[in-house]
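# Fold and contact review
Listed below, chain by chain, are the residues.
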Amino acid sequence: MKSLLYLLCLVFSFGPQQASTLAIGASAPDFSLPGVDGKQHRLSDYKKSKLLVVVFTCNHCPTAQAYEDRLIQLTRDYQPKGVTVLAISPNDPKAIRLNELDYTDLNDSYEEMKIRAERKQFNFPYLYDGDKQQVSKAYGPVATPHVFIFDQDRKLRFQGRIDNVEKPSGQPTIQDTRAALDALLKNEPVANPTTKVFGCSIKWAEKQDWREKAMKEWAAEKVTLETIDSTGIRKLLQNDSKKLRLINVWATWCGPCTREFSDFITIHRMYRGRAFEFISISADDPEKRANALEFLQQQQASGKNYIFNSSDKYALIEAIDPNWQGALPYTLVVEPGGKIVYAKQGTIDPDAMKTLLIDHPLLGRYF
């Protein structure tokens, strides 16, 4: 099921903030933007191309991710014909709420764009416009992805969608972008020069207030700490829910535990609206419950938090995982039905954890 937040971030939800979309026949607005290759890219760099395809896309949007492979293939197919494809990320990463990242492991920062481009082996320039957004406002994309095709004279001849099927496993029946390119390469008019687009709204800088509001809402959520015994822990590990369960065992006296705990809060806020839950288990002695609760409150840990009801640490170890040697922190990812797909003694790599979670079949990057 599509998350409520994703539905809220669709383009038609934020029409009043939308910049005017460039009109058919208009000249391509000039630009000078940094690419993930470390170079500055300008419109004039592509003057020899017969056609120029400018795609506004980004890292985090599930629809944008769903079209990445098709953009790679589009580039392979049309580059030999004199067509240049380039992508621009229009989003201000500071205007994106954590729970808008529920279909990704990466935000839309310039550094994270480099990571995504490397992972996917993009064969087209990927440019960043998130700081000033002046280029994006000049073109006026409605959503990510949004395609603009310019002819040899750099006049806009098509703007709209790539095709009519979002899901990569589906089979499009209308290939709008390819049809426009084929027509222009034959010096023919584009039959449908404008289409609607579907995807995530552009994250203009004005939306930073929305992110700040979310932070205040999370800070106001109640934080609880319940007692749990060995039987309760074994039940947690059996995972009779329908959710992917991330479990972290920690203690207030464990420096690595307390230093990394904020990473778990970030992950919780990103994915909690989906088939995911984060559970923390404190290994503090029961009489230190007040200390543990105070720490959790400072961390704004509004998920499920437990403290083991006994000072017998070996009983805790056996209940959690007989393969665990006992050093803290200890982290597990458990599928419904109890299959452990990740177990680590020591601190996690938060970026690798996000990737592991979002690439799991229970979550995934698109619908």
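Predicted model only: the values in this text are computed from it and were never measured. (Residues numbered from 1 in each chain as written. Predicted model: local features only at pLDDT ≥ 70, side-chain atom pairs only at ≥ 80, totals over all residues. Heavy atoms only, no water.)

Within a sheet, neighbouring strands are paired by backbone hydrogen bonds and run either parallel or antiparallel to one another. Taken in spatial order, the six strands make up an open sheet running 10-13-12-11-14-15, and their pairing is mixed. With partners counted over all chains shown, the strands left at the sheet margins are strand 10 (226-228) and strand 15 (340-345), one partner each. Going from strand to strand, the sheet's axes swing by 25° on average, the running direction of each strand aside. (Pairing = 2+ DSSP bridges. Helix = DSSP H or I, 4+ residues; strand = E, 2+ residues; numbered from the N terminus. Axes fitted to C-alpha atoms, helices over the stretch in contact; angles between N-to-C directions.)

Looking now at the state of the cysteines. Tallied over the entire structure, the rule returns one disulfide. Here cysteine 254 engages in a disulfide with cysteine 257; their sulfurs sit 2.3 Å apart. Between cysteine 254 and cysteine 257 the disulfide shows an S-S torsion of about 75°. By sign, it is right-handed. Taken as a pair, cysteine 254 and cysteine 257 share a single burial class, namely buried. (Disulfide = S-S within 2.5 Å. Buried < 20%, exposed > 50% of the residue type's maximum accessible area, 1.4 Å probe, protein only.)

It is the contact of helix 8 (residues 230-238) with helix 11 (residues 313-320), at a shortest axis distance of 8 Å, that shows an interaxial angle of 25°. The orientation of helix 8 with respect to helix 11, classified from their angle, is roughly parallel. Our pair here, helix 8 against helix 11, has a crossing hand that is right-handed. Counting all contacts with helix 8, which are made through Ser230, Ile233, Arg234 and Leu237, the residues of helix 11 involved are Ala315, Leu316, Ala319 and Ile320. Broken down by class, the residue content of the contact of helix 8 with helix 11 amounts to six nonpolar, one polar and one charged. (Parallel < 35°, antiparallel > 145°, perpendicular 65-115°, else oblique. Left-handed = near helix turned anticlockwise from the far one by under 90°. Contact = heavy atoms within 4.5 Å. Nonpolar A, V, L, I, M, F, W, Y, C, P; charged D, E, K, R; others polar.)

Applying the stated criterion across every chain, the model contains 18 salt bridges. For lysine 114, the salt bridge identified is with glutamate 111, shortest N-O distance 3.4 Å. Taken together, the residues span about one helical turn, with lysine 114 and glutamate 111 both in helix 4 (residues 110-120) at a distance of three residues. (Salt bridge = Lys/Arg side-chain N within 4 Å of Asp/Glu carboxyl O.)

So, about the nonpolar core. The biggest cluster of nonpolar side chains holds 54 residues, and the ones touching the most others in it are Ile233, Ile281, Leu316, Ile320 and Leu357. Apart from the residues lying within four places of it in its own chain, the contact partners of isoleucine 320 are Ile233, Leu237, Val249, Ile281, Tyr330 and Leu332. (Core = buried A, V, L, I, M, F, W, Y, C linked by side-chain atoms within 4.5 Å.)

Take the sheet that holds strand 7 (residues 146-150) next. Across the sheet, which stays open at both edges, the five strands sit in the order 5-4-3-7-8 with mixed pairing between neighbours. With partners counted over all chains shown, the strands left at the sheet margins are strand 5 (126-128) and strand 8 (156-160), one partner each. Going from strand to strand, the sheet's axes swing by 20° on average, the running direction of each strand aside. Pairing of strand 3 (residues 51-56) with strand 4 (residues 83-89) involves six bridges; the strand directions are parallel. Within strand 4, the residue paired with valine 54 across the bridge is leucine 86. Here helix 6 (residues 176-185) sits on the sheet and contacts strand 3, strand 4, strand 7 and strand 8; the angle it forms with strand 7, its principal contact strand, is near 0°.

Where strand 14 (residues 330-334) meets strand 15, five bridges bridge the pair, whose relative direction is antiparallel. In the sheet register, valine 333 faces strand 15, and the bridge partner there is tyrosine 342.

On to the environment of isoleucine 307, then. By the element assignment, isoleucine 307 lies in strand 13 (residues 304-308). Residue class for isoleucine 307 comes out buried when judged on its relative accessible area of 2%. Those residues in contact with isoleucine 307 that sit more than four places away from it in its chain are Leu225, Glu226, Thr227, Ile228, Ser282, Asp284, Asp285, Pro286, Arg289 and Ala292.

Time to look at the pairing of strand 4. Here strand 4 lies mainly inside the structure; seven of its seven residues are buried. What you see with strand 4 is no split at all: Val83, Val85, Ala87 and Ser89 on one side and Thr84, Leu86 and Ile88 on the other are buried throughout. Bridge count for strand 4 against strand 5 is three bridges, and the pairing is parallel. Each residue of the ladder has a partner; that of alanine 87, found in strand 5, is tyrosine 126.

What follows is about the side chain of threonine 177. Along the chain, the position of threonine 177 falls in helix 6. Residue classification places threonine 177 among the buried positions, given a relative accessible area of 1%. At a separation of 2.9 Å, a polar atom in the side chain of threonine 177 contacts the main-chain carbonyl oxygen of arginine 161. Those residues in contact with threonine 177 that sit more than four places away from it in its chain are Leu74, Val147, Ile149, Phe158, Arg161 and Ile162. (Polar contact = N/O pair within 3.5 Å; in protein donor to acceptor, adjacent residues only side chain to side chain.)

This is a description of form; function is not addressed.
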